[in-house]
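# Observations on the three-dimensional arrangement
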Amino acid sequence: MDRDNQVSSSNYDSMHKLKPTNHFVNALLTDLYQLTMAYCYWKQGRHEDQAVFDLFFRKCPFDGEFAIFAGLEECLRFLASFHFTDSDIQFLATVIHAEKEFFDWLRNLDVSKVSVYALSEGSVTFPLVPLLRVQGPLAVCQLLETTLLNLINYASLVATNAARFRLAVGDKSLLEFGLRRAQGPDGGVSASRYTYLGGFDATSNVLASKLFSIPCSGTIAHSFVQTFHDCSQLATTKLVDSNKNEREFVQCVMETRERLGYNTNQGELAAFISYAQCFPDRFLVLVDTYDTLSSGVPNFICVALCLLDFGYKPLGIRLDSGDLSYLSKAARKEISRIAQLTGKVELNQVKIAASNDLNETTLLSLHQQGHEIDIFGIGTHLVTCQQQPALGCVYKLVEINGQPRIKVSEDISKLTIPCAKKAYRLYGKEGYPLVDLLTLETEEAPKVGDKILCRHPYVERKRCIIVPTRIEPLLKLVWNGKMPVEPSFFSLSHLREFCKQEMSCLREDHRRFLNPTPYKVSVSQTLFDFIHRLWLEETPIPELA
Ligand SMILES: Nc1ncnc2c1ncn2[C@@H]1O[C@H](COP(=O)(O)OP(=O)(O)OP(=O)(O)O)[C@@H](O)[C@H]1O
Ligand SMILES: O=P(O)(O)OC[C@H]1O[C@H](OP(=O)(O)OP(=O)(O)O)[C@H](O)[C@@H]1O
Ligand SMILES: O=C(O)c1cccnc1
Ligand SMILES: [Mg+2]
């Protein structure tokens, strides 16, 4: 798999049938100032001026040194359906005091003259590298700003969060449980979608599973266990075994419990039996409702042993409170002891799932302490990105009518890099990416084997020479009104694989959690000269008295 265009050419009509997943995404989902600026451009006859905007972030989230780019498909769906309806126009006329002709112009506005270049969705990316380059008529490019940022900021942030959780747990299973805690319905669905892209294995969110073909998974809640008092509440005492013979199941469980000498909560046991009767081959239950080690785990073991007897494979337990390191080890020890005692070695294959306010720090700490957890269920911290709730992507003008533009700031990190640019990833001998290089769009592409001078965009003394073994152009044309691009998007599982491959190419020191090495994002000598000339030109020399 490569980062080749994730959308390729087809006809304009089919592109126009594409709709954003969320019906809130339309031309009105913007900030008022985009429309008032558009009015000023129109009034001055500047609305068709040729503009270039870059969409990028300045600092990686979560104190890391990488991010995952996500949200591109929804940006393209937005572009494909961009227009103002009659009712939008009627509403706007009550908000903006402007001539009728402006609203007529808005009504006929489309994005057929806009081009968009983008990174591939699922790419590993770094500060200052444009995720999107949007170019075309000034007013319409301006009108796209807020929506594009909205579609990319959270998607990329939560995908990055997921990729970091994935790094923290290695190859253990990761389930996303965040819907109840997410920022509203779209927050929940987006979280499920983009955390899967970032490396989660499944979601509990049924709608997201349907919409994006994400594996759906889940266990049971405390309420289910609490509703049972004892086995007299069970509708039947029997279970059909894997050979289709109906046999006494409750009796089997009770005798097992007696034989093993467990004194457990009877309501919890009834709940487990009931669940096993409904899902004999999906038996994974929550064991901390009353007491994990003296009731939940023994009750699980009794039911699991009988399921084995009946020809089924029990799946496991979920821990949702207490010291997850200790409890997982103690539970595993008891399960192993009984497996040995009874000779039911299959019992050793059951999985231990854990949940309860897990975040990056607890996952890393659990790894250090040692544990027996196979599956992590994660909600709140993952979907709300509690450690850093916004990515901070911005959309900045870099060129107008062929003239480079710069935004100067006291804070050097807020200086924008002018000009329509190309971006390349340069790989070293070891096969790892070494530098992302930004050049003028008009510059000749760097070549493998050449000595390439890479300059820090702002700091003069920071520079290096790289002889790349491989060069990857990063920005691909994904939207062009005149020669449109194909709506056959890659599936989410394809993007997830691509993201996984990107993460595996990233050098270990850029990925690590504590003080990761910053990845170098550089500019060509020509672009460096442009930035610094423009910087001086646009900054008045202060006069000191
Ligand atoms: N071994 C561990 N090391 C570090 N953190 C842990 C460990 N085990 C659990 N945690 C975390 O510690 C916190 C414990 O949460 P809390 O203090 O609310 O207790 P609890 O176990 O949920 O209690 P209860 O649900 O019975 O009120 C959770 O965020 C959990 O992820
Ligand atoms: O902790 P999170 O990472 O958000 O994962 C999801 C949580 O949601 C469920 O219960 P809920 O929190 O609703 O209730 P509980 O805390 O009482 O179990 C589940 O048991 C998890 O604890
Ligand atoms: O299926 C589960 O165990 C689950 C689902 C959502 C939230 N917490 C747990
Ligand atoms: Mg909880």
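Residues numbered from 1 in each chain as written. Chains lettered and ligands numbered in written order. Predicted model: local features only at pLDDT ≥ 70, side-chain atom pairs only at ≥ 80, totals over all residues. Heavy atoms only, no water.

An unreviewed UniProt entry lists the chain under the name Nicotinate phosphoribosyltransferase, from Galdieria yellowstonensis. Check the Catalytic activity (unreviewed entry) section of the UniProt entry for the chain; it says "5-phospho-alpha-D-ribose 1-diphosphate + nicotinate + ATP + H2O = nicotinate beta-D-ribonucleotide + ADP + phosphate + diphosphate". Taken from UniProt, the Sequence similarities (unreviewed entry) comment for the chain reads in full: "Belongs to the NAPRTase family." (UniProt positions renumbered as here; feature names shortened; annotations may be inferred.)

### Details of helix H10 (residues 249-260)
The terminal C-alpha atoms of H10 lie 17 Å apart, and with 12 residues this matches the ideal 16 Å at 1.5 Å per residue to within 8%. Residues of H10 that are buried include every one of Phe249, Val250, Cys252, Val253, Thr256, Arg257 and Leu260, and no others. Projection of H10 onto a plane perpendicular to its axis shows the buried side chains occupying an angular sector of 160°, all on one side. Among the exposed residues of H10, those oriented more than 90 degrees off its buried face are Glu258 and Arg259. Those residues of H10 that are buried are in contact with strand S8 (238-240), strand S9 (246-248), helix H11 (266-278), helix H12 (292-309) and helix H13 (324-342). Backbone geometry just downstream of H10 places glycine 261 in the positive-phi region, at approximately 75°. (Helix = DSSP H or I, 4+ residues; strand = E, 2+ residues; numbered from the N terminus. Expected span 1.5 Å × (residues − 1). Buried < 20%, exposed > 50% of the residue type's maximum accessible area, 1.4 Å probe, protein only. Arc of directions from axis to C-beta. Contact = heavy atoms within 4.5 Å.)

### Observations regarding the site of ligand 2
In the neighbourhood of ligand 2, the contacting residues comprise Phe177, Arg180, Arg181, His222, Arg318, Asp320, Asn356, Asp357, Ile378, Gly379 and Thr380. Take arginine 181: an N or O atom from its side chain is 2.9 Å from an oxygen atom of ligand 2. Contact between ligand 2 and aspartate 357: an oxygen atom at 2.7 Å from a main-chain N or O atom of the residue. Summarising the interface, the protein chains cover 73% of the accessible area of ligand 2, which totals 460 Å² for the free molecule. Across the shell around ligand 2, the residue classes tally to two nonpolar, four polar and five charged. (Near = heavy atom within 4 Å. Polar contact = N/O pair within 3.5 Å; in protein donor to acceptor, adjacent residues only side chain to side chain. Areas by Shrake-Rupley, 256 points an atom, 1.4 Å probe, with all protein chains shown as cover. Nonpolar A, V, L, I, M, F, W, Y, C, P; charged D, E, K, R; others polar.)

### Thoughts on the nonpolar core
Within the largest apolar cluster, 164 residues are counted, with the highest numbers of intra-cluster contacts made by Leu106 and Phe300. No other element matches the 19 residues that helix H6 (residues 138-169) contributes to this core. If you count residues domain by domain, this core takes at least three from each of domain 1 (3-164 + 388-538) and domain 2 (219-373). Setting aside residues no more than four positions away along its own chain, leucine 106 makes contact with Leu35, Phe84, Ile89, Leu92 and Leu143. (Core = buried A, V, L, I, M, F, W, Y, C linked by side-chain atoms within 4.5 Å. Domains from an automatic or database assignment.)

### Considerations on a nonpolar patch on the surface
Where nonpolar side chains cluster on the molecular surface, the patch consists of Leu32, Phe91 and Val95 and spans about 250 Å² of accessible area. Within the secondary structure, valine 95 sits in helix H4 (residues 86-95). (Patch = residues over 30% accessible without salt bridge, like charges linked within 9 Å, V, L, I, M, F, W, Y side chains within 5 Å. Salt bridge = Lys/Arg side-chain N within 4 Å of Asp/Glu carboxyl O.)

### Comments concerning the UniProt feature "domain: Nicotinate phosphoribosyltransferase N-terminal" (unreviewed entry) in the chain
Within this numbering scheme, the UniProt entry marks residues 28-153 as carrying the feature "domain: Nicotinate phosphoribosyltransferase N-terminal" (unreviewed entry). The span residues 28-153 is 44% helix and 17% strand, and its two end C-alpha atoms sit 18 Å from each other.

### Re the site of ligand 3
Close to ligand 3 lie Phe177, Arg180, Ser204, Gly218, Thr219 and Arg318, which account for all nearby residues. Between an oxygen atom of ligand 3 and a side-chain N or O atom of threonine 219, the distance comes to 2.4 Å. Across the complex, the protein chains shield 81% of the 260 Å² of accessible surface that ligand 3 would expose by itself. For the shell around ligand 3, a count of residues per class yields one nonpolar, three polar and two charged.

### Quick notes on the packing of helix H2 (residues 32-43) against helix H5 (residues 100-107)
Contact geometry of H2 with H5 gives a least axis separation of 11 Å together with a crossing angle of 110°. Looking at the two axes, H2 sits roughly perpendicular to H5. Within the contact between the two elements, H2 uses Leu35, Ala38, Tyr39 and Trp42 and H5 uses Glu101, Phe102, Trp105 and Leu106. A class-by-class count of the residues in the contact of H2 with H5 yields seven nonpolar, no polar and one charged. (Axes fitted to C-alpha atoms, helices over the stretch in contact; angles between N-to-C directions. Parallel < 35°, antiparallel > 145°, perpendicular 65-115°, else oblique.)

### Some remarks on the side chain of histidine 47
Within the secondary structure, histidine 47 is located in the loop between H2 and strand S1 (50-56). In contact with histidine 47, other than residues within four places in its own chain, are Tyr41, Trp42, Trp105, Pro137, Leu138 and Ala139.

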